[in-house]
Amino acid sequence: MVTTEAAAGSTSASGKASTMMSSSSKPTTRSPQVLMTQNHLDPVIKRKVKHLLSKTSGGRTQVLESLQEIGITTTTTSSESSSLKSALERTSAKSVARVLSDSERLVRDLERLDEDLRQVYELADSLDQAVVSARAKSEHMLADRSRLLESERRAKEQAEVLKAFNDLFSVSEEHLAALERAGGSGSSQDPAQDPAASAAAPPSGVVTSTFFEALERVQGVHSNCRLLLRGNHRRAGLALMDRMSSLQEKAYESLCRWVPLTGAALAEVEEEEAVGEDNLLHRAIAALRTRPVLLKYCAEEVASSRHNAFFRRFLDALTNPAVERERTSAPGSYVAKVAAWIRENCRAEERLLRRLFGPEGAGGAEEAGEDVLPLLDRAFEGICRPLETRVEQVLQAGSVGGAAQARARRQADLWRISWTLGALSGDLAGSLGPQSALAKTARACYERSAEAFRAEAAEGFARRLQPSSESSLDGELKQLAALLAETGDGPERAGDDPLERALAGCV
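Residues numbered from 1 in each chain as written. Predicted model: local features only at pLDDT ≥ 70, side-chain atom pairs only at ≥ 80, totals over all residues. Heavy atoms only, no water.

*Asks:* Is there a simple way to explain a nonpolar patch on the surface in this structure?
*Replies:* Where nonpolar side chains cluster on the molecular surface, the patch consists of Leu-106, Leu-110, Leu-113, Leu-117 and Tyr-121 and spans about 510 Å² of accessible area. Looking at where Leu-117 falls in the secondary structure, it is placed in helix α4 (residues 81-169). Residue Leu-117 is classed as partly exposed on the basis of its relative accessible area of 39%. (Patch = residues over 30% accessible without salt bridge, like charges linked within 9 Å, V, L, I, M, F, W, Y side chains within 5 Å. Areas by Shrake-Rupley, 256 points an atom, 1.4 Å probe, with all protein chains shown as cover. Salt bridge = Lys/Arg side-chain N within 4 Å of Asp/Glu carboxyl O. Helix = DSSP H or I, 4+ residues; strand = E, 2+ residues; numbered from the N terminus. Buried < 20%, exposed > 50% of the residue type's maximum accessible area, 1.4 Å probe, protein only.)

Printed below as a string of structure tokens:
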């Protein structure tokens, strides 16, 4: 727009100059005043024209093109100078009006933009205020969150510490209940006074596998109390140790009551079935090994209870009607059955006691040491008096039938009785020891039977030695030889064996 105005100005000036030049070139006659004025103005116009041309000399082509675009011809005459000026003015006015119109639209756009910016700033201010208000309201929530997170962390640490403490120093309610049941339901009644009650007492109703787990747990807690004693918790460690000691004592008291009752009612079972961990009595004995005094007491009580039970079973076997009839009809067979019963039941009882009270780690009853020999002696001494009585009755009883036949049968029975009792005496001396009460009783019975056989044989041989009975002596010797061949060599005997002496005396 400025370029257009400058071009218009330069065009008008050029037009004026050309008009003046054309008018001056005309051969007109002017007054001197006009010539002087013309002479005075020519340098001014020339300077302006020169100045204008110097400014537009480099862009003359652009000026001409601008004039042509606005509908003004570059070739003007003197008559068109006024119209060129008015056209330039009109064009300038239109340009100005157009500029003003565009400026008004720009101003309106700027005003709308300013309004939008004002609204944006107001929204930003409201957002800042909302953020400040929310931050002020959430400060206590953030503080509560931090406090809760810290509390959660401390709670986790305390839970871990409590779990570690419980693992080391606590006993569960189930274990305490098992200990209480064992301690509250025990009975102090002697099984020898009431055998039926002791036999009916259920061993697993008082002491169960949970009881032994509880006892092991209490012992572990008692050992862990040393950790508290080494630190800054000596008072708590002493109190807890005292509590665990009390529970241990109650548990061992329950075992001391329960083991004799169970031992009195215990029937002989297979060794493979009793060695397992589920054998409660075996586990009870293993637990009592840490208390030698209590173990010795329980072992003696069990031996006493087995003594009474073995005595009753022996009397039941002797008083069997079939056995009683055989005692009078066949004394030798009767004594053999009694010896077989004693041998079988003694071995079973010996395996039981050796398995329960033998040295820990022994592979079986045969590997048990000498610690159970007093217990075995105590358990078997109850049958010594009945055995001795029955043998005396058999030795003193006579035989039925004729005189010769009765004496021969009597000698054969005494021989079998002596041989059976000798074998029984040797077996008992080997398993229980020669100083045990049952082995001594069997030895004494063997000596009496051998002496009875010697006396009976010597008396019979003395009668056969008379001249009138030589044939009978020969028959008696044949009968004795057949008896020896029937019985065989028998058990291995010492040089001073009573039966050997009896045979030597008869011969």
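From this point, things continue past the structure.
*Asks:* When you look at the packing of helix α14 (residues 331-357) against helix α16 (residues 384-396) in this model, what are you seeing that I'm missing?
*Replies:* Axis angle and axis distance: for two packed helices, these are the angle between their axes and the distance between the axes, and together they describe the pair. Two elements in contact, α14 and α16, have axes whose closest approach is 11 Å; the angle formed by their N-to-C orientations is 165°. For the element pair α14 / α16, the angle class is roughly antiparallel. The interaxial crossing formed by α14 with α16 has left-handed handedness. Residues Pro-331, Tyr-334, Val-335, Val-338 and Ile-342 of α14 form the contact with α16, whose participating residues are Leu-387, Arg-390 and Val-394. Tallied by class, the residues present in the contact of α14 with α16 amount to seven nonpolar, no polar and one charged. (Axes fitted to C-alpha atoms, helices over the stretch in contact; angles between N-to-C directions. Parallel < 35°, antiparallel > 145°, perpendicular 65-115°, else oblique. Left-handed = near helix turned anticlockwise from the far one by under 90°. Contact = heavy atoms within 4.5 Å. Nonpolar A, V, L, I, M, F, W, Y, C, P; charged D, E, K, R; others polar.)

*Asks:* Honestly, the side chain of Glu-326 in this entry has me stumped. Any pointers?
*Replies:* Within the secondary structure layout, Glu-326 lies in helix α13 (residues 321-329). When residues no more than four places from it in sequence are discounted, the contact partners of Glu-326 are Pro-331, Ser-333, Tyr-334 and Lys-337.

*Asks:* Please explain empty space enclosed by the protein as it appears in this structure.
*Replies:* Once rolled over the atoms, a probe with the size of a water molecule shows which space is left empty. Tallying each qualifying case throughout the model produces two cavities of 30 Å³ or more. The space that makes up the largest cavity amounts to roughly 50 Å³. As for the largest cavity, its lining consists of Tyr-334, Val-335, Val-338, Ala-339, Leu-387, Arg-390, Val-391, Val-394 and Leu-421. Those elements giving two or more residues to the lining of the largest cavity turn out to be α14 and α16. (1 Å grid on protein atoms, 1.4 Å probe; cavity = no way out; pocket = protein on both sides within 12 Å on 5 of 7 lines; lining within 4 Å. Points joined across faces, edges and corners; volume = space filled by probe spheres on them.)

*Asks:* I keep staring at the nonpolar core and nothing clicks. Help me out?
*Replies:* Side chains of a nonpolar character, in soluble globular proteins, are inclined to be buried together. Ranked by size, the top nonpolar core spans 75 residues in total, and within it Leu-255, Trp-258, Val-259, Ile-342, Phe-357 and Leu-438 carry the most contacts. Residues in contact with Phe-357, not counting those within four places in the same chain, are Ile-285, Arg-289, Leu-295, Cys-298, Ala-299, Val-302, Val-372 and Leu-375. (Core = buried A, V, L, I, M, F, W, Y, C linked by side-chain atoms within 4.5 Å.)

*Asks:* What am I meant to see in the pattern of salt bridges here?
*Replies:* A side chain of one charge can pair with a side chain of the opposite charge when the charged atoms of the two come close. Per the stated rule, a full pass over the model turns up 23 salt bridges. Of the charged contacts in the structure, one is a salt bridge between Arg-105 and Asp-102, with a shortest N-O distance of 2.1 Å. Remark: Asp-102 and Arg-105 occur in helix α4; sequence separation between them is three residues, near one turn of the helix. Linking Arg-306 and Glu-349 is a salt bridge whose minimum nitrogen-to-oxygen distance equals 2.4 Å. Here Glu-349 lies in helix α14 and Arg-306 lies in helix α12 (residues 292-318), a separation of 43 residues in the sequence. With respect to class, Arg-306 is no different from Glu-349; both count as buried.

*Asks:* Whenever I open this one, the packing of aromatic side chains confuses me. Can you help?
*Replies:* As enumerated under the stated definition, the model contains six aromatic pairs in all. With centroids separated by 4.9 Å and ring planes inclined at 40°, the aromatic side chains of Phe-165 and Phe-169 adopt a geometry described as tilted. With Phe-165 and Phe-169 both in helix α4 and four residues apart, this pair spans about one turn of that helix. The class of Phe-165 is partly exposed, set by a relative accessible area of 37%. (Phe/Tyr/Trp six-rings, centres within 6.5 Å; stacked < 30°, edge-to-face > 60°.)

*Asks:* How should the environment of Gly-382 be read in this particular structure?
*Replies:* Following the sequence through the fold, Gly-382 ends up in the loop between α15 (373-380) and α16. Remark: the alpha-carbon pair of Gly-382 and Phe-310, spanning 72 residues in sequence, is separated by 7.4 Å. When near neighbours in sequence (up to four residues on either side) are disregarded, Gly-382 contacts His-307 and Phe-311.

Interpretation note: all reported values are geometric properties and have no functional meaning in isolation.
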